[in-house]
Amino acid sequence: MARPDTPVNLAEKLEKLEKLDAYWTPKTVMEVNGLELKVSRFKGEFVWHSHAEGDELFLVLRGTLTIELRDRDAVRLGPGEMFVVPKGVEHRPVTPEGCDVVLLDPEGALNTGDAGGALTRDAEWL
């Protein structure tokens, strides 16, 4: 676990991420002010879910990501683009070709939020 006052090389973390075959399995890089900075690989369709504990930020590093939202039009993101899903908003990430993302979530937030199920993962440290 990285202490808040310890440098973290994000490029090295992303190299490790690229070697992983597991999709929808977030890896924590750092914690700050009750938030977890995570990296993950996505591919396919995730489950519809929401997060009651806080907002969720998605920053696309590689590939494209569509975030489907129940209450409005879907948002499509490419490399370098980011979007915040507000607390409590039901959403579903979709990426047929796959993408790599940075996530910012409240500490301890599950990737499947309130939905649970087979894709639920506790974020492990990378």
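Let me sum up the structure you'll find in this document. Because the structure is predicted, anything quoted here is derived from the model rather than measured.

Right, let's talk about the overall build of the chain for a bit. Along the backbone of the chain there are one helix and eight strands. Counting from the amino terminus, the chain carries its helices and strands in the arrangement α-β-β-β-β-β-β-β-β. Its C-alpha atoms give the chain a radius of gyration of 14 Å, within 12% of the compact-globule value 14 Å for 126 residues. Dimensions of the chain, computed from C-alpha atoms along their principal axes, come out at roughly 40 × 30 × 25 Å. Put simply, the chain has 126 residues, and 42% of those count as buried. When contacts within the chain are restricted to residue pairs at least 6 apart in sequence, those whose partners lie at least 24 apart make up 65%. Carbon and sulfur atoms make up 51% of the accessible area of the chain, which amounts to about 6800 Å² in all.

What follows is about the side chain of Arg92. Note on placement: Arg92 falls in strand E7 (residues 91–106). A distance of 3.2 Å separates the side chain of Arg92 from the side chain of Glu45, its partner in a polar contact. Reaching out from Arg92, the side chain makes a polar contact with the side chain of Glu68 at a distance of 2.6 Å. Arg92 has contacts with Glu45, Phe46, Val47, Trp48, Thr66, Ile67 and Glu68, leaving out every residue within four places of it along the chain.

With that settled, consider the nonpolar core. Core analysis: the largest hydrophobic core is formed by 16 residues, its most contacted members being Phe42, Phe58, Leu65 and Ile67. If you list the elements that add at least two residues to this core, you get strand E3 (56–63), strand E4 (65–69), strand E5 (72–77), strand E6 (82–85) and E7. Aside from chain neighbours lying at most four places away, what touches Phe58 is Phe42, Leu65, Ile67, Leu77, Glu81, Met82, Phe83, Val85, His91, Pro93, Val102 and Leu103. Counting six residues, the second largest nonpolar core, distinct from the first, contains Leu14, Leu17, Val39 and Val102.

Residue position: Asp105 is located in strand E7. A distance of 3.2 Å separates a polar atom in the side chain of Asp105 from a polar atom in the side chain of Lys38.

It is worth spelling out the pairing of strand E2 (residues 35–45) at this point. Where a strand is regular, its side chains alternate between the two sheet faces. Here strand E1 (residues 27–32) runs beside E2; their pairing, made up of five bridges, is antiparallel. Pairing of Met30 across the sheet is with Leu37, part of E2. Between the antiparallel neighbours E1 and E2 lie two residues, among them Asn33 with a positive phi of about 50°. The sheet contact formed by E2 and E7 spans 10 bridges and is antiparallel. Each residue of the ladder has a partner; that of Leu35, found in E7, is Pro106.

Cut-offs used in this document
- Residues numbered from 1 in each chain as written.
- Predicted model: local features only at pLDDT ≥ 70, side-chain atom pairs only at ≥ 80, totals over all residues.
- Heavy atoms only, no water.
- Helix = DSSP H or I, 4+ residues; strand = E, 2+ residues; numbered from the N terminus.
- Rg over C-alpha atoms; globule rule 2.2 N^0.38 Å.
- Buried < 20%, exposed > 50% of the residue type's maximum accessible area, 1.4 Å probe, protein only.
- Contact = heavy atoms within 4.5 Å.
- Areas by Shrake-Rupley, 256 points an atom, 1.4 Å probe, with all protein chains shown as cover.
- Polar contact = N/O pair within 3.5 Å; in protein donor to acceptor, adjacent residues only side chain to side chain.
- Core = buried A, V, L, I, M, F, W, Y, C linked by side-chain atoms within 4.5 Å.
- Pairing = 2+ DSSP bridges.

These values are about where atoms sit, not about what they do.
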